[in-house]
Amino acid sequence: MHIEPFGVEIWMNEWETRCTWNLAETCVESLTIRELLTLAGRNDTDLSEVLSMKMTYGAIEGSDRLRAAISALYDSQPAQNIIVTHGTIGANMLVHKAMVSAGDHVVAIVPTYQQHYSIPASIGADVQTLTLKEENGFLPDLDELRAMVTPKTRLIAMNNPNNPTGALIDRPMLEEIAEIARASGAWILCDEVYRGTDQEGSGMTASIADVYERGIGTAGMSKAFSLAGLRLGWIAAPPEVIEAVSIHRDYDTISVGMIDDHFAAIALEHREAVLARSQAITRENLATLDEWVAGEPLISWVRPRSGTTALLKLHLPVSSRDFCIDLVKETGVLFTPGSALGMEGYVRIGYANNPTILREGLARVSEALAR
């Protein structure tokens, strides 16, 4: 099976450990286990809970406790509509493998995480891409989507909130997208790993699984929940999807780690506290970034409404990759080049890390731009 090299992951693998100021990071600043326990109203003595755990495979689909905690993130997804995976990346892979066959028509809304077009293409699907445009606020043109979706369309793949733009599709637009899919009987796979980081209100984006009867939501503990080290994600979907996914999952997962399951359940049972921390970081940091962009004549953007990333448009006669390489070598600041995302002329910034790192990194970028 041929699959295209994963542009963002190759970039991160090459540079992430060689920078000083990582403004390419997409997770809200990671929690320590001690910090997680504190948010949950516990302390170090609660670590004793893991001492008696026998290191078996554990519950194959995820523990009842964990699936109940995940179910509570949705309006209408019972625990039997949930299956636990190795991160959101594992969830996405499983859905594409289980639901897409060679020759199927897939519409992918881009830019997005590369899984959502490269995996179905590697399976032999006919993949069409709908490109988000700056003039539309990086929201999909529904007339264009309507023209792309046909009775042969098997799957529409998207992510919301969007990576890398930070655009947010609200519930009314999700319902319109669902109507387009419903007319052809297509499934919608929505990667919702940034769900919980909206800049306004409760911070919790509506899930496609609650909006559309053939909606498949994927998410995990890495971005909004600050626990990427658990490598734990999930799929929320109708029973027939869970059944199809389970067949493939037996070949590459069996179960997630019992310790990962345990700490993910603690975090989700205390999601209000965890997400309040994440929203405080993302909202404060976005205000910092907004002020910085306003003062940089060589940078423009569409201000994100959610997520942890933004696209910065470069008004410079240089490729995004050359700019990013020169920047990290000269200043130690790491961005992600738009070329790795199919968006030349832009760079992606992650703004959800430690506020000091963001401020110090931006100051060094300003010095470089002034030169």
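Residues numbered from 1 in each chain as written. Predicted model: local features only at pLDDT ≥ 70, side-chain atom pairs only at ≥ 80, totals over all residues. Heavy atoms only, no water.

Peer 1: What should I look at first to understand the sheet that holds strand β8 (residues 233-236) in this one?
Peer 2: Within a sheet, each strand pairs with its neighbour through backbone hydrogen bonds, oriented either parallel or antiparallel. Spatial strand order, β2-β8-β7-β6-β5-β3-β4: seven strands in an open sheet with mixed pairing. The two strands at the open ends of the sheet, each matched to only one other strand, are β2 (82-85) and β4 (126-131). Shown here is a sheet whose adjacent strand axes are inclined to one another by a mean of 20°, direction ignored. Where strand β6 (residues 187-191) lies against strand β7 (residues 215-220), four bridges are found, and the strand directions are parallel. Counterpart to Asp191 in the pairing with β7 is Thr218. (Pairing = 2+ DSSP bridges. Helix = DSSP H or I, 4+ residues; strand = E, 2+ residues; numbered from the N terminus. Axes fitted to C-alpha atoms, helices over the stretch in contact; angles between N-to-C directions.)

Peer 1: Any chance you could explain a nonpolar patch on the surface here in plain terms?
Peer 2: On the surface, a nonpolar cluster with roughly 290 Å² of combined accessible area is contributed by Tyr57, Ile60 and Ile254. For Ile60, the location among the structural elements is in the loop between α2 (33-39) and α3 (64-71). Using a relative accessible area of 38% as the deciding quantity, one classes Ile60 as partly exposed. (Patch = residues over 30% accessible without salt bridge, like charges linked within 9 Å, V, L, I, M, F, W, Y side chains within 5 Å. Areas by Shrake-Rupley, 256 points an atom, 1.4 Å probe, with all protein chains shown as cover. Salt bridge = Lys/Arg side-chain N within 4 Å of Asp/Glu carboxyl O. Buried < 20%, exposed > 50% of the residue type's maximum accessible area, 1.4 Å probe, protein only.)

Peer 1: Any chance you could explain the packing of aromatic side chains here in plain terms?
Peer 2: The geometry of an aromatic ring pair comes down to the distance between the two centres and the angle between the two planes. As enumerated under the stated definition, the model contains three aromatic pairs in all. Consider the rings of Phe6 and Tyr113, whose centres lie 4.9 Å apart with planes at 55°: the pair is tilted. Pair noted here: Phe6 is in the segment before α1 (7-15) and Tyr113 is in the loop between β3 (105-110) and α5 (115-123), with a separation of 107 residues, a long-range link. Here the two residues Phe6 and Tyr113 agree in accessibility, since each one is buried. (Phe/Tyr/Trp six-rings, centres within 6.5 Å; stacked < 30°, edge-to-face > 60°.)

Peer 1: Before we go on, may I ask you to explain helix α7 (residues 171-184) in this structure?
Peer 2: Since the α-helix turns once every 3.6 residues, residues separated by three or four places project in the same direction. Between its terminal C-alpha atoms α7 stretches 20 Å, which fits the 20 Å expected from 14 residues at 1.5 Å a residue. Within α7, burial applies to Met173, Leu174, Ile177, Ala178, Ile180, Ala181 and Ser184. Each buried residue of α7 sits inside an arc of 160° when the element is viewed along its axis, so together they form one side. Away from the buried face of α7 by more than 90 degrees, exposed residues Pro172 and Ala183 are located. Along its buried surface, α7 packs onto α6 (142-148), β5 (153-159), β6 and α8 (208-211). One or two steps after α7, the chain reaches Gly185, where phi turns positive at roughly 75°. (Expected span 1.5 Å × (residues − 1). Arc of directions from axis to C-beta. Contact = heavy atoms within 4.5 Å.)

Peer 1: Would you explain the packing of helix α10 (residues 258-269) against helix α11 (residues 271-294) in this entry?
Peer 2: Helix-helix packing is characterised by the crossing angle of the two axes and by the distance between the axes. Closest axis-to-axis distance for the α10/α11 pair is 5 Å, and the angle between their directions is 80°. Considering the angle they form, α10 stands roughly perpendicular to α11. Residues Ala267, Leu268 and Glu269 of α10 form the contact with α11, whose participating residues are Arg271, Glu272 and Val274. Looking at the contact of α10 with α11 residue by residue, the class counts come to three nonpolar, no polar and three charged. (Parallel < 35°, antiparallel > 145°, perpendicular 65-115°, else oblique. Nonpolar A, V, L, I, M, F, W, Y, C, P; charged D, E, K, R; others polar.)

Peer 1: What exactly am I supposed to notice about the side chain of Asn285 here?
Peer 2: With respect to the helices and strands, Asn285 occurs in helix α11. Under the relative-accessibility criterion, Asn285 is labelled buried at 1%. Discounting residues that sit within four places of it in the chain, Asn285 has contacts with Tyr351, Ala352, Asn353, Asn354, Pro355 and Leu358.

Peer 1: Which parts of the structure should I look at to understand the nonpolar core?
Peer 2: Soluble globular proteins tend to bury their nonpolar side chains together. In terms of nonpolar packing, the biggest core is built from 63 residues, with Leu289, Trp292, Leu312, Phe335 and Ile349 touching the most fellow members. Ranked by the residues each element gives to this core, the list is headed by α7, at six residues. If we ignore the near neighbours within four places in the chain, the residues touching Leu312 are Trp292, Val293, Ile299, Ser300, Trp301, Phe335, Gly345, Tyr346, Val347 and Ile349. Counting residues in each nonpolar core, the second largest holds 30 residues, with Leu37, Leu73, Tyr74 and Ala236 among its members. (Core = buried A, V, L, I, M, F, W, Y, C linked by side-chain atoms within 4.5 Å.)

Peer 1: I'm lost on the pattern of salt bridges in this one. Help?
Peer 2: A side chain of one charge can pair with a side chain of the opposite charge if their charged atoms are brought near each other. Across all of its chains, the model carries 16 salt bridges by this definition. Glu49 is paired through a salt bridge with Arg42; the nearest N and O atoms lie 3.1 Å apart. Residue Arg42 is classed as partly exposed on the basis of its relative accessible area, which comes to 22%. Between Glu144 and Lys133 there is a salt bridge, with its nearest N and O atoms 3.2 Å apart. Remark: Lys133 occurs in the loop between β4 and α6 and Glu144 occurs in helix α6; sequence separation between them is 11 residues. Taking relative accessible area as the criterion, Lys133 reaches 30% and is therefore assigned partly exposed. Here the salt bridges do not stand alone but share partners, grouping Glu61, Asp64 and Arg67 into one network.

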